[in-house]
Amino acid sequence: MAKDENLPLFATKLAKGRILFQFYSLLIFVGICFIFVYRLSHIPAKKEPGRWAWMGLFFSELWFSFYWFVTTIVRWNPIYRNTFKDRLSHRYEKALPGIDIFVCTADPVIEPPVMVISTVLSVMAYDYPPEKLSVYLSDDGGSDLTFYAMLEASRFSKIWLPFCKKFKVEPRSPEAYFRTAVEPLGEPVMAKDWSTVKKLYEDMKKRIENTTKLGRISEEISKEHKGFNEWIFVASRRDHQTILQILIDGRESEAMDIQGQTLPTLVYLSREKRPQYHHHFKAGAMNALIRVSSRISNSPIILNVDCDMYSNNSMSVRDALCFFMDEEKGNEVGFVQFPQAFENLTKNDVYSSSLNVLMELEMPGFDGNGGPCYIGTGCFHRRETLSGQKYSKIYKADWKRWINRSVEDSTSVLEETCKVLASCSYEENTQWGKEIGLKYDCAVEDVLTGIAMQCRGWRSIYFTPERKGFLGVAPTTLLQSLVQHKRWSEGDFHIFASRHCPFVLGYKKIPLKLQLTYCMNLLWAANCLATLYYVIVPSLCLLRGISLFPEITNSWVLAFVFVIIVHRAYSLGEFVWFGGTFKGWWNDQRMWLYKRTTSYFFGFLDYILKRLGFTNSAFVITTKVAGDDVSQRYEQEVMEFGTSSPMFTILATLALLNAICFVSGLKRVIADVETLVWEKFALHILLCGLLVFINLPIYQGLFFRKDVASLPTSVTYQSTMFALLACAIAVY
């Protein structure tokens, strides 16, 4: 027994197979060196055609090599962790800390109330003492429809929570569970309860959906709770007072489920919004929740999840506590980040949304280099870290201090006194958004906040359980995916180009290898320049008959061929190893190109324009629902266009430009077959041909598809004109 008391609550192990990766990296490095030797020793003479194109290609390859070096650092030493929840229970079951759970939503149309409450119910049903759970919903949409759904969820939780615990249900989102589970006909007791609970859920869901379709709360429903009276004074979703309702107060005797067990506290919050105040999007919502929760429950651990990211593992809280409560290393842990995973992915992941390699390899690489970044959802925080506290070696968590804390005020008093904490004026002349809470004035406030925590001395942990901790909804259209990555890349580059850059803010505070590791994400936007150059210039040079690569009979070609084949082969093997398919890898290569030439380009451009004062920040919410037709095409892995967008115009222009240059190159080779022109332009034609092949969905959307999801005629005309103009300028 005494021996068990000294055992750690988690273990860390190094990834296997790193020798193979290190050998591969060495081979690629040697190949890159030979390419640079070729580039520098074969620079065209001053008046020779293609000199500047050659130099531009060299600088592009220099950038690609630098970025490859950064990603190699990230992947050099990944670590993986496992927890010992049995030891946690043995030592601390009666002294487990409280957990405050924040769920954020912002628009009842894009994020339907039914989806929101499924996430809320899933976190209420954690395998954890319910009296120590407090769930807060931040509704930045200020919608009475969402409040009504929360009211329905508070009632349904009295039936759902005991059902989950009685039959050890997974996942504990009712929507996800009943969609995937099969009725247990072989178990009469469970089958009876299963049918009853499912019917009650379907009835509740129907009531919520009918009310949502109606677009307003009926007079009958408005009489069900005093909270609906708050909407009498709401001018609009951007102009209203603080609305705070404690739907379940876990301290009260009435807060019981049907089996007499205590229910978790459940709070609805829509913070005050006024046109003259900046509300700082999700970061502002999170900071309001931090303040309000400190008055109501003040738990030492905070979990935040997006409203579409339901709990898929009821043991996630205990997993996280194994890191925070470890006797030897727990005191230095500031936050524990779980992977971001999605439930609606197709077999071949047409929009490359799975992020498998990022979550399964690169994030553990972050951890090995000093700690993962905070990705905004599925993250457990120590409350002190979000309050701006610095880590000190003498710091020791006092869990008993939090356990013994109690609030004497009644529910109604708490509701009124907490409203000021979510008011617009509360943060004026304070450090909120600067040194306290989540950081403001950045599109990726989560990443910036995580860097600040690490620079204050806190350690972050990345944990990948066997059963995914959280599952969300991936974009189901191409434009959704591109816009999402545009926002991420713009925000990341904003961090890199500001005083919050890891090399500046993290100087002598976090390891150099962690500073370099952050560059992998922070320089996404900057990748657009080299990629666009490589996609456009070699193809136009092929059109003009200017060679930028060694002839196929020249021994220098081996360096290019070797790097291309080995690098892509390893990429394919890596992708398949982490659960992908060959077609999924090809889709990933396509999206890699599309994101770099559109999302990252517009992210980079928007950052420049904002620095010059031409545009303002705007937070774009990714749609979490799709129409039946869109969903059907997504499941069939048919690429969705269907609308005009500058991003689609760029993609179509690049696709047509490469098609024209490819046909021209083939024509040149066939016409001059006796002079062996193909030897001179073999790599040009190979590159151009790959770009044509990867753009097949674009050509289909432009010329062959007739459905509503094809590319609009306006995009076809614009892209054709731009492609022909570019070719004409190059030739003449």
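Here's the deal with the nonpolar core
- Formed by 80 residues in total, the largest nonpolar core has its most connected members in Val120, Tyr126, Trp160, Leu321, Phe324, Val336 and Phe380.
- In terms of residue count, helix α6 (residues 144-167) provides more of this core than any other element does, 13 residues in total.
- Apart from the residues lying within four places of it in its own chain, the contact partners of Leu321 are Leu88, Leu96, Pro97, Ile99, Tyr128, Ile301 and Asp326.

Here we look at the packing of aromatic side chains
- According to the stated counting rule, one finds 47 aromatic pairs in the structure shown.
- With 5.5 Å between their ring centres and 55° between their planes, Phe58 and Phe59 make a pair best called tilted.
- Taken together, a centroid distance of 6.3 Å and an interplanar angle of 25° make the contact between Phe493 and Phe496 stacked. Residue Phe493 and its partner Phe496 are both found in helix α17 (residues 478-496); the two are separated by three residues, about one turn of the helix.
- Phe493 sits in the buried class, given a relative accessible area of 10%.
- With a relative accessible area of 25%, Phe496 lands in the partly exposed category.
- The positively charged end of Arg39 is found above the aromatic ring belonging to Trp54, 4.7 Å away from the centroid.

A few points about the environment of Gly365
- With respect to the element layout, Gly365 can be found in helix α12 (residues 356-368).
- Each C-alpha atom, one on Gly365 and one on Val182, is 39 Å from the other, the two residues being 183 residues apart in sequence.
- Setting aside residues no more than four positions away along its own chain, Gly365 makes contact with Val74 and Pro78.

Points about the sheet that holds strand β4 (residues 133-139)
- Spatially, β5-β6-β4-β3-β7-β10-β9-β11 is the arrangement adopted by the eight strands of the open sheet, whose pairing is mixed. Each edge of the sheet is formed by a strand with only one pairing partner; in this case those strands are β5 (243-248) and β11 (459-462). When the angles between neighbouring strand axes are averaged without regard to direction, this sheet yields 20°.

Description of helix α16 (residues 445-455)
- Taking burial as the measure, the 11 residues of α16 include 11 buried ones, the bulk of the element.
- Among all positions of α16, only Glu445, Asp446, Val447, Leu448, Thr449, Gly450, Ile451, Ala452, Met453, Gln454 and Cys455 are buried.

Section: the pairing of strand β7 (residues 301-306)
- When you tally the buried positions in β7, you get five out of six residues, the bulk of the element.
- Across six bridges, strand β3 (residues 99-105) lies against β7 in parallel orientation. Within β7, the residue paired with Phe102 across the bridge is Asn304.

Overview of the environment of Glu408
- With respect to the element layout, Glu408 can be found in the loop between α14 (399-403) and α15 (411-419).
- For Glu408, a relative accessible area of 70% translates into the label exposed.
- Separated by 157 residues in the primary sequence, Glu408 and Arg251 have C-alpha atoms spaced 9.9 Å apart.

Focus on unusual backbone geometry
- Pro171 follows Glu170 through a cis peptide bond whose omega is -10°.
- Along the chain, Pro171 falls in the loop between α6 and α7 (174-180).
- One non-glycine residue, Leu355, adopts positive backbone phi at about 55°.
- With respect to the helices, strands and loops of the structure, Leu355 is situated in the loop between β9 (333-337) and α12.
- Its relative accessible area of 17% is what places Leu355 among the buried residues.
- Although it is not a glycine, Glu637 sits at a positive phi angle of roughly 60°.
- For Glu637, the location among the structural elements is in the loop between α23 (628-635) and α24 (646-671).

Considerations on the side chain of Asn313
- Of note, Asn313 is situated in the loop between β8 (310-311) and α11 (316-324).
- A polar contact of 2.9 Å, which involves the side chain of Asn313, links it to the backbone nitrogen of Met315.
- Within polar-contact distance, the side chain of Asn313 engages the backbone oxygen of Arg467 at 3.1 Å.
- Not counting chain neighbours up to four residues away, the residues in contact with Asn313 comprise Tyr126, Glu170, Asp319, Pro465, Arg467, Lys468 and Gly469.

Some remarks on the pairing of strand β2 (residues 79-83)
- Residues Ile79, Arg81 and Thr83 of β2 are buried on one face, while the alternating residues Tyr80 and Asn82, pointing to the opposite face, are not.
- Sheet topology note: the strand β1 (residues 10-14)/β2 ladder contains five bridges and is antiparallel. The residue bridging Leu14 from the neighbouring strand is Ile79, located in β2.

Notes on the pattern of salt bridges
- Going through the model one piece at a time under the given rule, you end up with 35 salt bridges.
- Across the pair Lys419 and Glu416 runs a salt bridge, and its minimum N-O distance is 3.3 Å. Of the two residues, Lys419 and Glu416 both sit in helix α15, three residues apart, roughly one turn of that helix.
- Classification of Lys419 as buried rests on a relative accessible area of 15%.
- Looking at Glu416, the relative accessible area reads 52%, which means it is exposed.
- Counted as one network, the salt bridges with shared partners bring together Glu175, Arg179, Lys205 and Glu343.

Considering a nonpolar patch on the surface
- Together, Phe23, Leu26, Phe29, Val30 and Phe34 line one region of the surface with nonpolar side chains, adding up to about 500 Å² of accessible area.
- Mapping Val30 onto the fold places it in helix α2 (residues 18-41).

Rules behind the numbers
Here, residues in each chain are numbered from 1, in the same order as that chain's written sequence. For a predicted model such as this one, the threshold for reporting local features is a pLDDT of at least 70, and the threshold for listing and counting side-chain atom pairs is 80 or more; totals across whole chains, interfaces and linings nevertheless cover every residue. Only hydrogens and water are set aside; all other atoms, that is, all heavy atoms of the structure, feed into the side-chain values. Definition used in this section: a nonpolar core is a set of buried Ala, Val, Leu, Ile, Met, Phe, Trp, Tyr and Cys residues joined via side-chain atoms within 4.5 Å. Exposure classes here rest on a 1.4 Å probe applied to the protein chains alone. A residue is buried below 20% of its type maximum, exposed above 50%, and partly exposed in between. Only DSSP runs of H or I reaching four residues or more are called helices, and only runs of E reaching two or more are called strands; each is numbered from the N terminus. Contacts are assigned to residue pairs with any non-hydrogen atoms lying within 4.5 Å of each other. Each pair of aromatic rings taken from Phe, Tyr and Trp, with Trp reduced to its six-membered ring, is defined by centres within 6.5 Å and is described as stacked if the planes are under 30 degrees apart, edge-to-face if over 60, and tilted in the remaining cases. In our convention, an over-ring charge means Lys NZ or Arg CZ found within 6 Å of a ring centre and within 35 degrees of that ring's normal. The rule for pairing is simple: two strands pair if DSSP sees at least two bridges between them. Here an axis means a line fitted to C-alpha atoms, over the contact stretch when the element is a helix, while the angle between two N-to-C directions is reported on a 0 to 180 degree scale. As used in this structure description, the phrase polar contact means that two N or O atoms lie within 3.5 Å; if the pair is within protein, one of them must be able to donate a hydrogen and the other to accept it, and residues adjacent in sequence are counted only when both atoms belong to side chains. The working definition used for a salt bridge is a side-chain nitrogen of Lys or Arg within 4 Å of a carboxyl oxygen of Asp or Glu. Only residues whose relative accessible area exceeds 30% and that form no salt bridge enter a patch; like-charged residues are grouped when within 9 Å of one another, and nonpolar side chains (Val, Leu, Ile, Met, Phe, Trp, Tyr) when within 5 Å. For accessible areas, the Shrake-Rupley method is used with a probe of radius 1.4 Å. Any residue's cover is judged against the shown protein chains and nothing else.

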